[in-house]
Amino acid sequence: MTAPLSEDLRARDLVELRGVQKWYGDLHVLQDIDLSVAQGEVVVVIGPSGSGKSTLCRTINRLEPVDEGTILIDGAPLPQEGKALARHRADVGMVFQSFNLFAHKTILDNVTLGPIKVRKMAKADAEKRAHELLDRVGVGHQAAKYPAQLSGGQQQRVAIARSLAMDPKVMLFDEPTSALDPEMIKEVLDVMVDLAERGMTMIVVTHEMGFARTAANRVVFMADGRIVESADPESFFTNPQSDRARDFLGKIL
Ligand code: ADP
Ligand code: MG
């Protein structure tokens, strides 16, 4: 079980949402969200389908604007547009359920594109770093191939390497293993556990309760656009406080 973070670590919040409200028309999709994630913290977000988990991730990455409230990344508010926004997105890596690799680029080019374009890294440096990261996620020998030539689990590991190549301050994962065949789930979770152990700050939407129990410092339970509970995994799984959480856990465990 992951130990609680020390007070020192708590001091620096890398992600901070204060009073965030978002509507889609009449639907109040994010309701009064307050969430702080400390440097090195791993927060697992769970909750029923439609509770706003993906929307939460998308607002943190500024793929979606919020209507009220503030979002700070490493103390700075989210930029509205332009180059500053591109750099912000580079600071906040995001891995989706569908791997979203560029189909017509090689694995290596998928990983080097962002660092060269957004981070202005020299091509040779970007390639060296890409090879290191691809090795680290276990697909180093696939660098010259195209995404369609790789399995789903391999593609998702490339997607993680591609995000890491930007040296993000925080990584968001939105159900990264939900589209994978069962035998490929573990190879992706193993990469995520390794990342957590290396101290990456992570927000992970997942139904993989094994990952939550072993890698999370905190579990946040969402329902109907609200954060209903926020607790360490042991407390949450053994003693959920709300009927909604008990009901949800009863269905998935
Ligand atoms: P989750 O990821 O927890 O399943 P989502 O954040 O995807 O939930 O969706 C929350 C709610 O917002 C759902 O009712 C969904 O239908 C709605 N929603 C999501 N995206 C949009 C959108 N672009 N326009 C309108 N409604 C949306
Ligand atoms: Mg979702």
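Conventions we followed
- Residues numbered from 1 in each chain as written.
- Chains lettered and ligands numbered in written order.
- Predicted model: local features only at pLDDT ≥ 70, side-chain atom pairs only at ≥ 80, totals over all residues.
- Heavy atoms only, no water.
- Helix = DSSP H or I, 4+ residues; strand = E, 2+ residues; numbered from the N terminus.
- Contact = heavy atoms within 4.5 Å.
- 1 Å grid on protein atoms, 1.4 Å probe; cavity = no way out; pocket = protein on both sides within 12 Å on 5 of 7 lines; lining within 4 Å.
- Points joined across faces, edges and corners; volume = space filled by probe spheres on them.
- Nonpolar A, V, L, I, M, F, W, Y, C, P; charged D, E, K, R; others polar.
- Salt bridge = Lys/Arg side-chain N within 4 Å of Asp/Glu carboxyl O.
- Buried < 20%, exposed > 50% of the residue type's maximum accessible area, 1.4 Å probe, protein only.
- Core = buried A, V, L, I, M, F, W, Y, C linked by side-chain atoms within 4.5 Å.

Engineer: So what exactly am I meant to see when it comes to the side chain of Thr 112 here?
Structural biologist: On the secondary structure map, Thr 112 appears in helix 4 (residues 107-117). Not counting residues up to four positions away in its chain, the partners in contact with Thr 112 are Ala 126, Glu 127 and Ala 130.

Engineer: So what exactly am I meant to see when it comes to the layout of surface pockets here?
Structural biologist: Gaps left between atoms are located by rolling a probe of water-molecule size over the structure's atoms. Of the voids in this model, the largest pocket is the one considered here, and its volume is about 540 Å³. Lining the largest pocket are 24 residues; nearest its centre among them are Met 94, Phe 102, Arg 162, Ser 163 and Met 166. Within the residue set of the lining of the largest pocket, elements represented by two or more residues are helix 3 (82-91), strand 6 (92-95), helix 4 and helix 6 (152-164). Among the elements that make up the lining of the largest pocket, the one with the highest residue count is helix 4 (six residues). Residue classes in the lining of the largest pocket are distributed as 14 nonpolar, seven polar and three charged.

Engineer: Would you mind going over the pattern of salt bridges with me for this structure?
Structural biologist: Where charged atoms from two side chains of opposite charge come close, those side chains can pair. Taken as a whole and judged by the stated rule, the model has 19 salt bridges. We note a salt bridge from Arg 129 to Glu 132, for which the minimum N-O separation is 4.0 Å. Highlighted residues: Arg 129 and Glu 132, both in helix 5 (residues 123-136), separated by three residues, approximately one helical turn. Of the residues examined, Arg 129 reaches a relative accessible area of 23% and is grouped as partly exposed. Glu 132 gets classed as partly exposed once you look at its relative accessible area, which sits at 39%. Among the charged side chains, a network of salt bridges with common partners joins Arg 12, Asp 74, Asp 91, Arg 119 and Lys 169.

Engineer: Quick question: what am I supposed to make of the nonpolar core here?
Structural biologist: Counting 50 residues, the largest nonpolar core has Ile 160 and Met 202 as the members making the most contacts within it. Per element, the largest residue contribution to this core is eight residues, and it comes from helix 7 (residues 182-197). With residues up to four places along the chain from it excluded, the contact list for Ile 160 reads Val 95, Met 171, Phe 173, Val 188, Val 191, Met 192 and Leu 195. Core analysis: the next-biggest nonpolar cluster, separate from the first, contains 24 residues, Val 15, Val 45, Leu 172 and Ile 203 among them.

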